[in-house]
Amino acid sequence: MKFASGHEGSLLAGAEIEKQRKDFEGYKDLVRLTPGRWLFPSAYTQYADKIYNFEHKSSDVVIMTYPKCGTTWTQEIIWTMRNNPDLNNPKDQIPLMVRAPFIEADMLVSGEQTEEDFAKNPVSQFFLKTCPDKNWRDGVYLQLSETSEEPRTIKTHLPFSLLSPSLLDTCKVVYVARNPKDVIVSYLHHSRIIKMHGYVGTFEDFVQYFVDDDLLYGPYGSHMKEAWERRDHPNLYMMFYEDMKADPYKAFKQLDVFLGTELTETQLQNIVKYTSFGEMKTRGEKQFPGDSSEHFNVDIMKKDGGFFRKGQSGDWKNKFTPESEAKVDEWIRENMTSFGVNFKYSI
Ligand code: PPS
């Protein structure tokens, strides 16, 4: 299969897909793209061209990240800076995934979704309200992204090469990166608690999946490189999770300049507090209590934490063995340092 982006897709087959299905009990079919080695659930093929041809507006802000780099945090920061600087907009009660939709999320949840699954999803009521004439089977999140009120804030984990080629000339993009060691620990936890992944393998095996580009979304190095090469474009702003943690006020102030939101010191200070890990965790867990054993592995959540796990930089030190650290250090040298990226590994 060939996509509008020029990539070829082929379904993983034989021992490769069998291994994935054994370690990730939630996986069915996966598609690998060439060039790039991007890896997705096969439902990506239904949405690939629609996402590539998505009509962006000049007021859009696209938040682009590799998974687990601080996307949710940045979605709340940017939506709040642009729509709720005084923290008095009642729309803040709408789930973040509706206020700042995840454009390709349908590939993660679609597959064999039934009418009943759709009806049970808390996002569906918002879809039915904002997209009354649309068919949810054509993509709930894709169409929420399209119909979102301006100014739209859109989340993606896709790299530049799979999005509109005119993206950066049309709207602003905020790219958030995080050191690969904390990304691995966070991605492992995510893959264990969410049944759609259902990871049952070991930590060491997960590290191997990461360095082999065999996790969903594929190679973090190439993802980052595509952004790094565009870093001088005036519409691209690159941020690091570690800098946001170390001094959120400074990081938000710089973001304010990029976005042109012109917030006061008090507004920024209030947003720092409102988007702190503790406050987002409390609000997030109230909205989505995470007690649904249908989608989450509740036992692991009780033991290791929910989606809002630790929110720290440097937790990898509690998980990595010297062998896995050496393996990832080498991967970082070859895939990140080689083109100039240097991360902070603790703050
Ligand atoms: S996802 O699923 O890919 O969109 O995940 P993403 O949001 O990118 O990353 C999740 C990690 O970010 C942490 N997090 C936060 N850190 C600091 N402050 C705030 N407000 C915040 N909100 C979420 C979240 O806990 C995940 O990191 P870990 O290390 O697993 O705790």
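Residues numbered from 1 in each chain as written. Predicted model: local features only at pLDDT ≥ 70, side-chain atom pairs only at ≥ 80, totals over all residues. Heavy atoms only, no water.

## Side note on the sheet that holds strand β1 (residues 8-11)
Taken in spatial order, the three strands of this open sheet run β1-β2-β3, and their pairing is antiparallel. On the outer flanks of this sheet lie β1 and β3 (39-41), each paired with one strand and no other. Between one strand and the next, the sheet's axes are offset by a mean angle of 30°, whatever the strand orientation. The pairing of β1 with strand β2 (residues 30-34) spans four bridges and is antiparallel. Residue pairing in the sheet places E8 in a bridge with T34 of β2. (Pairing = 2+ DSSP bridges. Helix = DSSP H or I, 4+ residues; strand = E, 2+ residues; numbered from the N terminus. Axes fitted to C-alpha atoms, helices over the stretch in contact; angles between N-to-C directions.)

## With respect to the packing of helix α3 (residues 71-83) against helix α14 (residues 248-259)
For the pair α3 and α14, interaxial distance at closest approach is 11 Å and the crossing angle is 55°. Considering the angle they form, α3 stands oblique to α14. Read as a crossing pair, α3 and α14 show a hand that is right-handed. The residues of α14 that touch α3, namely those facing W73, I77, I78 and M81, are F252, L255, D256 and L259. Here the contact of α3 with α14 is composed, by residue class, of seven nonpolar, no polar and one charged. (Parallel < 35°, antiparallel > 145°, perpendicular 65-115°, else oblique. Left-handed = near helix turned anticlockwise from the far one by under 90°. Contact = heavy atoms within 4.5 Å. Nonpolar A, V, L, I, M, F, W, Y, C, P; charged D, E, K, R; others polar.)

## Thoughts on the side chain of Q20
Considering the arrangement of structural elements, one finds Q20 in helix α1 (residues 14-23). Excluding anything up to four places from it in sequence, Q20 contacts L12, Y27, L30, L39, Y209 and D214.

## Thoughts on the environment of P151
For P151, the location among the structural elements is in the loop between α8 (140-147) and β5 (153-156). Separated by 91 residues in the primary sequence, P151 and D60 have C-alpha atoms spaced 5.8 Å apart. What P151 contacts, discounting residues up to four positions off in sequence, is S59, R82 and N83.

## Remarks on the site of the ligand
Around the ligand lies a shell of 22 residues, among which T71, T72, S186, K310 and G311 are the nearest. One of the backbone nitrogen or oxygen atoms of G70 is found 3.0 Å away from an oxygen atom of the ligand. Between S186 and the ligand, the recorded distance is 2.7 Å, taken from a side-chain N or O atom to an oxygen atom. Here the ligand loses 98% of its free accessible area of 640 Å² to cover by the protein chains. Among the elements of the structure, α3, α10 (180-193) and α16 (277-287) are those that each provide at least two residues to the shell around the ligand. It is α3 that provides the largest number of residues to the shell around the ligand, a total of three residues. Looking at the shell around the ligand, its residues break down into eight nonpolar, nine polar and five charged. (Near = heavy atom within 4 Å. Polar contact = N/O pair within 3.5 Å; in protein donor to acceptor, adjacent residues only side chain to side chain. Areas by Shrake-Rupley, 256 points an atom, 1.4 Å probe, with all protein chains shown as cover.)

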